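# Structural characterization, general
In case you want the letters, here they are:
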Amino acid sequence: MTIRLLLADDHPVVRAGLRAVLSAEPDFEIAGEAPTAERAVELAAAGGVDVVLMDLQFGTGAHGAEATAAITARPGAPRVLVLTTYDTDADILAAVEAGAAGYLLKDAPPQELAAAVRTAASGRSALAPAVAHRLMDRMRTPAAALSRRELEVLELVRDGLSNLQISKRLFLSQATVKSHLVHIYAKLAVDSRTAAVAAATERGVIRRLRP
C-alpha cells in the first residue's frame, strides 16, 4: 500500500530534505507540501493524504498544534506525525492533545522517520524515545507535573505578560491566574515568576524565550 505524505514546514530546505529522504522509500509518495499551518489544513482537507508530517513552529500564522487539531477534527482525517526540534512538556502535550498520532524529533535517523510514518499510517502511536520518556515521567509523578493550563500560564509569564494580560489572553479571572501561579511555584519549588521560568526552561518543561 502506498502511503501518501504531506510535508508541512515553513523552511524550503527542510521540506526538500524530507522529500529526498522519504521519496527513496518504495511505499511512500509525496502528495504535497505546505509552507504554513493554514495551508496544511487546506491540503489535508482536500483529501489524497494519509499522513501529515507537521512542524510545530511556523514563521507566521497558526501553530502546528492548532493545525493538527483542525486536521484531526474532520471525519476520515489523515494521521498527523509531528516532526520538530522541540521536546518540551508544553510542546509535547499540545501536540498530543491536538490529536497527533506521533511525535518525532528532526534529528531522528532516516530509518526511524520512515518507521514512524508507517506506524502512524497503520493507526498506532509513534513517539520518539525521548518524548515517550518525558510522558512516562509525567505519569509516574502526576502531582509534580504541570497541567496543560499551568504550562500555558507559565509560557505567558515567560513572554513578559502581567497577570491581567494573562487573564485576558486565556479568558480567566485574575484570581484563577494567581491560583495557577501558586500551584506552579509549589510544583517547581520556587517563590517567584523569574525563578519559575528559569526552573521550567532548565528542566525542559517550556521553551526558552527567543532573543
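The structure contained in this document is the topic of the report that follows. (Residues numbered from 1 in each chain as written. Predicted model: local features only at pLDDT ≥ 70, side-chain atom pairs only at ≥ 80, totals over all residues. Heavy atoms only, no water.)

## What to know about the pairing of strand 1 (residues 3–8)
Counted residue by residue, strand 1 has five buried out of six residues, so it is predominantly covered. Pairing of strand 1 with strand 2 (residues 28–34), which is carried by six bridges, proceeds in the parallel orientation. The residue bridging R4 from the neighbouring strand is E29, located in strand 2. What joins strand 1 to strand 2 is helix 1 (residues 12–23), and the crossover it makes is right-handed. When strand 1 meets strand 3 (residues 51–54), the two strands line up parallel, connected through four bridges. Of the residues in strand 3, the one forming a bridge with L6 is V52. (Buried < 20%, exposed > 50% of the residue type's maximum accessible area, 1.4 Å probe, protein only. Helix = DSSP H or I, 4+ residues; strand = E, 2+ residues; numbered from the N terminus. Pairing = 2+ DSSP bridges. Right-handed = clockwise from strand over helix to strand, strands pointing away.)

## What to know about the pairing of strand 5 (residues 102–105)
Of the two faces of strand 5, the one lined by G102 and L104 and the one lined by Y103 and L105 are each fully buried. With helix 4 (residues 89–98) bridging strand 4 (residues 79–84) and the parallel strand 5, this β-α-β connection has right-handed handedness. Relative to strand 6 (residues 126–127), strand 5 is paired through two bridges, and the arrangement is parallel. Following the sheet pairing, G102 is matched in strand 6 by A126. Since strand 5 and strand 6 lie parallel, the crossover through helix 5 (residues 110–121) that links them has a hand, and here it is left-handed.

## Structural notes on the sheet that holds strand 2
Pairing in this open sheet of six strands is parallel, and the strands run 2-1-3-4-5-6 from one edge to the other. The open sheet has two edge strands with one neighbour each: strand 2 and strand 6. Contacting strand 3 and strand 4, helix 3 (residues 64–72) runs over the sheet at an angle of about 165 degrees to strand 3. (Contact = heavy atoms within 4.5 Å. Axes fitted to C-alpha atoms, helices over the stretch in contact; angles between N-to-C directions.)

## Points about the packing of aromatic side chains
By the definition in use, this model includes zero aromatic pairs. In this arrangement the basic side chain of R207 is found over the ring face of Y86, its NZ or CZ atom lying 3.4 Å from the centre. (Phe/Tyr/Trp six-rings, centres within 6.5 Å; stacked < 30°, edge-to-face > 60°. Lys NZ or Arg CZ within 6 Å of the ring centre and 35° of its normal.)

## What about the packing of helix 7 (residues 148–158) against helix 9 (residues 174–188)?
Their axes nearest at 10 Å, the elements helix 7 and helix 9 cross at an angle of 95 degrees. In this view, helix 7 runs roughly perpendicular relative to helix 9, as classed from their interaxial angle. For the pair formed by helix 7 and helix 9, the contact residues are R149, E150, V153, L154 and V157 on the first element and V177, H180, L181, H183, I184, K187 and L188 on the second. Its residues assigned to classes, the contact of helix 7 with helix 9 shows seven nonpolar, two polar and three charged. (Parallel < 35°, antiparallel > 145°, perpendicular 65-115°, else oblique. Nonpolar A, V, L, I, M, F, W, Y, C, P; charged D, E, K, R; others polar.)

## A closer look at the pattern of salt bridges
Counted under the stated rule, the structure contains 16 salt bridges. The residue K106 makes a salt bridge to D9 at a minimum N-O spacing of 2.8 Å. Here K106 is found in the loop between strand 5 and helix 5, whereas its partner D9 is found in the loop between strand 1 and helix 1, with 97 residues between them in sequence. The closest approach of N and O atoms between K187 and E150, which form a salt bridge, is 2.8 Å. Of the two residues, K187 is situated in helix 9 and E150 in helix 7; the sequence distance between them amounts to 37 residues. Salt bridges sharing partners connect three or more residues here, namely D9, D55 and K106. (Salt bridge = Lys/Arg side-chain N within 4 Å of Asp/Glu carboxyl O.)

## A word on helix 9
In an α-helix there are 3.6 residues to a turn, and that puts residues three or four apart on one side. Its 15 residues give helix 9 an end-to-end C-alpha distance of 21 Å, which sits within 8% of 21 Å, the value for a rise of 1.5 Å per residue. Within the sequence span of helix 9, burial applies to V177, H180, L181, I184, Y185 and L188. Taken down its axis, helix 9 places every buried residue within 140 degrees of arc, on the same side. Exposed residues lying more than 90 degrees from the buried face of helix 9 are A175, V182 and A186. Those residues of helix 9 that are buried lie in contact with helix 7, helix 8 (163–170) and helix 10 (193–202). Just beyond helix 9, the residue with positive phi is A189, at close to 60 degrees. (Expected span 1.5 Å × (residues − 1). Arc of directions from axis to C-beta.)

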